[in-house]
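# Chain and residue survey
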Amino acid sequence: NPLSLAEACLQPEFWKSLQARHHHFKTQRYFVEWGGKPAVDQLLRFESLPACLASLPIPAGWQTRLERRNLTKAFPVLSQGSSLQSVLEKICPEDFDLWRSL
């Protein structure tokens, strides 16, 4: 149950342990900042990726068309204000701040 895991992550020791052992539990800021400063030139929102890519100065000849692969309907999308999102915002508020800034 995703909500049970997220609630367990509210325990600081458990959360630190997960992050130390598994990279996929690190916050998104971990991957885009270096020494507390941005380490990337630009971030794109996945929800509007085709439009974001179209706005970039991409050299002629580079393929920018994205294909949808491995599409599944089993993965739930978080609705605004869902209980899982509320818990995730408590676990890594800096990621939600970053997302809102895009």
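In what follows, the structure referred to is the one given above.
The present account deals with the structure reproduced in this document. Note that the coordinates shown come from a computational prediction; the quantities given were computed from them, not determined experimentally. (Residues numbered from 1 in each chain as written. Predicted model: local features only at pLDDT ≥ 70, side-chain atom pairs only at ≥ 80, totals over all residues. Heavy atoms only, no water.)

## Some thoughts on the pattern of salt bridges
For clarity, the threshold we go by: Salt bridge, as used here, is a side-chain nitrogen of Lys or Arg placed within 4 Å of a carboxyl oxygen of Asp or Glu. When a residue's accessible area, from a 1.4 Å probe over protein chains only, is under 20% of the maximum for its type it is buried; when over 50% it is exposed; and in between it is partly exposed. Runs of E in the DSSP output that reach at least two residues are strands. Runs of H or I that reach at least four are helices, and both are numbered from the N terminus.
If you walk through the whole model with that rule in mind, you get 3 salt bridges. In this structure, the salt-bridge partner of Arg29 is Glu33, at a minimum N-O distance of 2.5 Å. Look at Arg29 and you get partly exposed, because its relative accessible area is 24%. For Glu89, the salt bridge is made with Arg100, and the minimal N-O distance between the two is 2.5 Å. Of this pair, Glu89 sits in helix H5 (residues 83-91) while Arg100 sits in helix H6 (residues 93-101), and the two are 11 residues apart along the sequence.

## Describing the side chain of Lys26
The criterion, for reference: When charges are counted, Lys and Arg contribute as positive and Asp and Glu as negative, whereas His and the chain ends are disregarded. Polar contacts, as used here, are pairs of N or O atoms within 3.5 Å; protein pairs need one atom able to donate a hydrogen and one able to accept it. Residues neighboring in sequence count only if both atoms are side-chain atoms.
Position of Lys26 among the secondary structure elements: in the loop between helix H2 (12-21) and helix H3 (28-32). Buried within the structure, Lys26 lacks any salt-bridge partner; Glu94 is the closest side chain of opposite charge, at an N-O distance of 11 Å. Polar contacts involving the side chain of Lys26 include one to the main-chain carbonyl oxygen of Gln19, which spans 3.0 Å.

## Comments concerning the packing of aromatic side chains
Definition in use: Between 30 and 60 degrees the pair is tilted, below 30 it is stacked and above 60 it is edge-to-face, where a pair is any two Phe, Tyr or Trp rings, Trp via its six-membered ring, whose centres lie within 6.5 Å. We count a charge as sitting over a ring when the NZ of a lysine or the CZ of an arginine lies within 6 Å of the ring centre and within 35 degrees of the ring normal.
Taken as a whole, this structure holds 2 aromatic pairs when the rule is applied. Centroid distance Trp15 to Phe25: 6.4 Å. Interplanar angle 85 degrees. Geometry classified as edge-to-face. Separated by 10 residues along the polypeptide, Trp15 in helix H2 and Phe25 in the loop between H2 and H3 bring together distant segments of the chain. When the ring of Tyr30 is compared with that of Phe31, the centres are 5.0 Å apart and the planes differ by 85 degrees; the resulting orientation is edge-to-face. Phe31 sits in the partly exposed class, given a relative accessible area of 46%. The ring of Tyr30 carries Lys26 above its face, with NZ or CZ at 4.7 Å from the centroid.

## A word on H6
Because each turn of an α-helix spans 3.6 residues, side chains separated by three or four positions in sequence point in the same direction. The test is simple: The directions considered for the arc are those from the helix axis to the C-beta atoms. Pairs of residues are marked as contacts when any of their non-hydrogen atoms sit within 4.5 Å.
Those residues of H6 that sit buried are Asp95, Phe96 and Leu98. For H6, the angular spread of buried residues about the axis comes to 155 degrees, placing them on one side. Residues of H6 that are buried make contact with H3 and H5.

## Digging into H2
Every buried residue of H2 is accounted for by Trp15, Leu18 and Gln19. With its buried residues spanning 95 degrees around the axis, H2 presents them on a single face. Away from the buried face of H2 by more than 90 degrees, exposed residues Glu13, Lys16, Ala20 and Arg21 are located.

## Brief notes about the packing of H5 against H6
Condition: Here an axis means a line fitted to C-alpha atoms, over the contact stretch when the element is a helix, while the angle between two N-to-C directions is reported on a 0 to 180 degree scale. Should an angle lie under 35 degrees it is considered roughly parallel, over 145 roughly antiparallel, and from 65 to 115 roughly perpendicular; all remaining angles are considered oblique. For this scheme, ten residues count as nonpolar: Ala, Val, Leu, Ile, Met, Phe, Trp, Tyr, Cys and Pro. Four count as charged, namely Asp, Glu, Lys and Arg, and the remainder, Gly too, count as polar.
Their axes nearest at 5 Å, the elements H5 and H6 cross at an angle of 105 degrees. Between H5 and H6, the crossing angle belongs to the class labelled roughly perpendicular. Where H5 approaches H6, its residues Gln85, Leu88, Glu89, Lys90 and Ile91 are matched on the opposing element by Pro93, Phe96 and Arg100. The residue makeup of the contact of H5 with H6, split by class, is 4 nonpolar, 1 polar and 3 charged.

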